Amino acid sequence: MKLLKDILYGASLSAVSGNTNVMVNHVHFDSRKVGMDDVFVAIRGLITDGHKYIQKAVESGAKAVVCEELPELLVNGVTYLKVIDCNSALAIIASNYYDSPSKNLKLVGITGTNGKTTVSTLLYNLFKKAGFKVGLISTIKIMVDEKEYPTNLTTPDVLTINEHLFQMSEEGVEFCFMEVSSHGIYQKRSEGLHFEGAIFTNLSHDHLDYHKTFAEYRDTKKKLFDDLPKTAFALSNIDDKNGLVMLQNTKAKKYTYALKSYADYRAQILEKQFDGQLLKIDDNELWSKLIGDFNAYNLLAIYATADLLGLEKMETLKLISELENVDGRFQYFISKERITAIVDYAHTPDALKNVLVTINALRTGNENVITVVGCGGDRDKSKRPVMGHIASEMSNQAIFTSDNPRTEPPAAIIEEMEAGVEPQNAKKTLAIENRKQAIKAACKLALANDIILVAGKGHETYQETNGVRVDFDDFKEIKAALADLNK
């Protein structure tokens, strides 16, 4: 148990009713999890308001309630703490509850539209290969050194983050690499954490359903850098037009990386093939199994971060050459019929364009590129016609299908994608709502040496419709479909 006043240290309280010199058990923001002597923090969410469940939490045994508005009924023996922002308060309380675990290791945050998962995961893999105990908090999973925990949020809630950071601290983990999403920053999930450094990958069209404007989306990302301490490093991709914006107000030591601009860390692509690319970093050549300009940026960010964290440069280059693709990120195989199948998480216009640019740069021109792609439901609708345009413009055949429709009709999402197709490209598009059938159709259309891209879901092993998730793995589906053709 913890002393309530200790876990409140640093939280801005505007009113207190009751005793803070009491012992409390756990901290929760979900009233259904509250037990005897717990602390309940009433968070205002997009769907519901935690203030509605204060009484339920008290009836379940809550000894303290943190809220932005005090309830009319104040129960004797319960401490009520009024704050301006419950999200900020929860971040501070969570860190205090777990004894500020982020200060006991070197935590690096990675933000940007694309590349967060690849950079964080490969940094984890590289530092593991270098012999360190390492942590990872990513879209795909949470790793406490060798122990794996599932996750379905890019940036988990602050209690989950601090709990795993505490586990890492207890296990002697030295470095942790963490994806930091714009949602996570906006909802203060990264607040109260001590970062050793932060990386900016790039910024493009995404999440405008949530942030409303691109400027708000950009400035939310920027806050991660604004809040860094003087002791931290801020590493930014300045080939992106927002790269220098990220560094404008940071107190951290500023570093830049680029392929096209003058920067602290630079790389050059010397050769590209389907099985990898030859890079030149710091006047040293290395062969990487990861292909595409976007991966050259990712690898350069990894190299720079390793250098800033004290790894020897030549060792880092050697380890980079050994890195494998992250699941669902340009993950490919070649079938017996010599059809190349690629699965990629590309779910934004920029990411889809980057993957297709990479594919088209590698082909001889005699192969057809067949793209299977959808857009998620209950998400930014404005990117749907843009993705429809990119897929149809840059492919020989585009098949629009269902992604995670969630609560939207899949056919309506596909129609919005079709709205972006230019008249001259209409004849090379198909709409097949069922994703399994769309993948099968792509396989039937493909001839020897053709390339099939299945985009949008990548590492995800499910498809979500009306709150129900069913097993669905793009990589397994296309492997099975091509195997069936061979039979």
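Rules behind the numbers
Residues numbered from 1 in each chain as written. Predicted model: local features only at pLDDT ≥ 70, side-chain atom pairs only at ≥ 80, totals over all residues. Heavy atoms only, no water. Phe/Tyr/Trp six-rings, centres within 6.5 Å; stacked < 30°, edge-to-face > 60°. Buried < 20%, exposed > 50% of the residue type's maximum accessible area, 1.4 Å probe, protein only. Helix = DSSP H or I, 4+ residues; strand = E, 2+ residues; numbered from the N terminus. Lys NZ or Arg CZ within 6 Å of the ring centre and 35° of its normal. Axes fitted to C-alpha atoms, helices over the stretch in contact; angles between N-to-C directions. Parallel < 35°, antiparallel > 145°, perpendicular 65-115°, else oblique. Left-handed = near helix turned anticlockwise from the far one by under 90°. Contact = heavy atoms within 4.5 Å. Nonpolar A, V, L, I, M, F, W, Y, C, P; charged D, E, K, R; others polar. Pairing = 2+ DSSP bridges. Expected span 1.5 Å × (residues − 1). Salt bridge = Lys/Arg side-chain N within 4 Å of Asp/Glu carboxyl O. Right-handed = clockwise from strand over helix to strand, strands pointing away. Polar contact = N/O pair within 3.5 Å; in protein donor to acceptor, adjacent residues only side chain to side chain. Lys, Arg positive; Asp, Glu negative; His and termini not counted.

A. Layout of the packing of aromatic side chains. Following the criterion strictly, the structure yields 11 aromatic pairs and no others. When the ring of Phe127 is compared with that of Phe132, the centres are 5.8 Å apart and the planes differ by 45°; the resulting orientation is tilted. Look at Phe127 and you get buried, because its relative accessible area is 0%. Considering the side-chain rings of Phe127 and Phe177, the 5.1 Å spacing of their centres and the 55° angle between planes classify their relative orientation as tilted. Taken together, the residues Phe127 in helix H4 (residues 116-129) and Phe177 in strand S12 (residues 175-179) connect sequence positions 50 residues apart. A single burial state applies to Phe127 and to Phe177, both of which are buried. Within the aromatic cluster, the residues linked to one another by ring pairs are Phe127, Phe132, Phe175 and Phe177. Above the face of the Tyr462 ring, Arg469 is positioned so that its terminal group lies 3.8 Å from the ring centre.

B. View of the packing of helix H15 (residues 435-445) against helix H16 (residues 474-486). Taken N-terminus to C-terminus, the directions of H15 and H16 make an angle of 45°; their axes are 9 Å apart at the nearest point. Regarding the angle of H15 to H16, the classification is oblique. You can see that H15 and H16 cross each other, and the crossing is right-handed. When H15 is examined against H16, the residues Arg435, Lys436, Ile439, Lys440, Cys443 and Lys444 are found in contact with a partner set consisting of Asp474, Glu477, Ile478, Ala481, Leu482 and Leu485. Of the residues belonging to the contact of H15 with H16, the class tally is six nonpolar, no polar and six charged.

C. Molecular detail of the sheet that holds strand S2 (residues 13-17). Taking strand neighbours across the sheet as the criterion, the five strands line up as S2-S7-S6-S5-S4 in an open arrangement whose pairing is mixed. Each edge of the open sheet is held by one strand with a lone partner, namely S2 and strand S4 (27-28). In this sheet, strand S6 (residues 64-67) lies alongside strand S5 (residues 39-41) in parallel orientation, the contact comprising three bridges. In the strand pairing of S6, Val39 is matched with Ala64.

D. Structural context of helix H8 (residues 214-226). Over its 13 residues, H8 extends 18 Å from the first C-alpha to the last, a length consistent with the 18 Å expected when each residue adds 1.5 Å. Within H8 the residues assigned to the buried category are Tyr217, Thr220, Lys221, Lys222, Leu224 and Phe225.

E. Region of the structure containing the sheet that holds strand S23 (residues 429-431). Overall, mixed pairing links the six strands, which are arranged S19-S20-S24-S21-S22-S23 in an open sheet. At either end of the open sheet lies a strand with only one pairing partner, and these are strand S19 (331-334) and S23. Put simply, the sheet's adjacent strands are angled 15° from each other on average, direction ignored. Summarising the sheet, strand S21 (residues 369-373) and strand S24 (residues 451-455) pair through five bridges and their orientation is parallel. The residue of S24 that forms the bridge with Thr371 is Leu453. Each of strand S20 (340-344), S21 and S24 touches helix H12 (residues 349-362); the most contacted strand, S24, lies at about 170° to it. On top of the sheet, helix H13 (residues 384-394) reaches S21, strand S22 (397-400) and S23; it is set at about 150° to S22, its chief contact.

F. Quick peek at the pattern of salt bridges. Scanning all chains against the criterion turns up 26 salt bridges. Here Arg44 and Glu69 are joined by a salt bridge, their closest N and O atoms 3.1 Å apart. Linking Arg44 in the loop between S5 and helix H2 (54-59) with Glu69 in the loop between S6 and strand S7 (79-83), this pair joins segments that are 25 residues apart in sequence. Residue Glu69 is classed as exposed on the basis of its relative accessible area, which comes to 51%.

G. Layout of the pairing of S21. In terms of burial, S21 is largely enclosed, as five of its five residues are buried. The alternating pattern of S21 places Val369, Thr371 and Val373 on one face and Ile370 and Val372 on the opposite face, and all of these are buried. Here S21 pairs with S22 via four bridges, running parallel. Each residue of the ladder has a partner; that of Thr371, found in S22, is Ala398. Read from S21 through H13 to S22, the crossover connection turns out right-handed.

H. Representation of H15. Here H15 has its buried residues at Arg435, Ala438, Ile439, Ala441, Ala442 and Cys443. The distance from a side-chain oxygen at the start of H15 to the backbone nitrogen of Lys436 is 3.0 Å, and the residue carrying that oxygen is Asn434.

I. Focus on the side chain of Arg189. Along the chain, Arg189 falls in the loop between helix H6 (182-186) and strand S13 (197-200). No salt bridge is formed by the buried Arg189, whose closest oppositely charged neighbour, Asp157, lies at an N-O distance of 7.5 Å. One polar contact links Arg189 to Gln187, side chain to side chain, over a distance of 2.5 Å.

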